[in-house]
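One letter stands for each residue in the lines below.
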Amino acid sequence: QSACDTLTPLLRRGVMLINEVSPSLPSIQADASRLFQVLVNLVGNSVRFTSKGHIRITGEAIGSPVRSVEVSVQDTGIGIPPSKCKSIFDAYVQVDAGTTREYGGTGLGLALVKALVEAHHGTITASSTHGGPGHGSAFT
């Protein structure tokens, strides 16, 4: 919830931030400040690349008994070409020069996210369609 509270003032008019992470989601053993940083980076990217629609954060327990927790940040932003969904986690990689000029950034945020998630023995993936606003991306 604190990541949502931090980023809500940055939302553009016409964009809703929807937190669907249940308060009953089991706790996990992790560095809370690093997981906060992961969420701020992912939701922050969604805020930057979404001009209308929504950004949705979900979380669910995996396994019985619970072995892990899966968190997803999905948006209705400009999307990412499917061919870039793996390489965007590399340092200094961005979708293209035009995106960099229009939206800014250094290409380090998702590399940091990947490193922090892997330090917690997790994985991160991106999926998307590309073609302008309304197509969106999902980071899980």
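This is a predicted model, so every value here is computed, not measured. (Residues numbered from 1 in each chain as written. Predicted model: local features only at pLDDT ≥ 70, side-chain atom pairs only at ≥ 80, totals over all residues. Heavy atoms only, no water.)

Trainee: Can you break down unusual backbone geometry residue by residue, with the values?
Mentor: The step from S64 to P65 runs through a cis peptide bond, and the omega angle for that step is 5 degrees. By the element assignment, P65 lies in the loop between β2 (53–62) and β3 (68–75). Notably, H121 is not glycine yet its phi reads approximately 65 degrees, a positive angle. Structurally, the position occupied by H121 is in the loop between α4 (109–119) and β4 (126–128). (Helix = DSSP H or I, 4+ residues; strand = E, 2+ residues; numbered from the N terminus.)

Trainee: Quick one: what's the story with the sheet that holds β4, residue by residue and with numbers?
Mentor: What the 5 strands build is an open sheet, ordered β1-β2-β3-β5-β4; its pairing is mixed. Whereas interior strands pair on both sides, the edge strands pair on one side only; in this sheet they are β1 (15–20) and β4. Averaged over all adjacent pairs, the angle separating strand axes in this sheet is 15 degrees, with direction ignored. The sheet contact formed by β4 and strand β5 (residues 137–139) spans 3 bridges and is antiparallel. (Pairing = 2+ DSSP bridges. Axes fitted to C-alpha atoms, helices over the stretch in contact; angles between N-to-C directions.)

Trainee: For the environment of I55, give the residues involved together with the corresponding values.
Mentor: Locating I55 in the fold gives a position in strand β2. For the pair I55 and V43, spaced 12 residues apart in the sequence, the C-alpha separation amounts to 7.6 Å. If we skip the residues at most four places from it in the chain, I55 touches L11, V15, M16, L17, I18, V43, S46, V47, T50, V73, Q74 and D75. (Contact = heavy atoms within 4.5 Å.)

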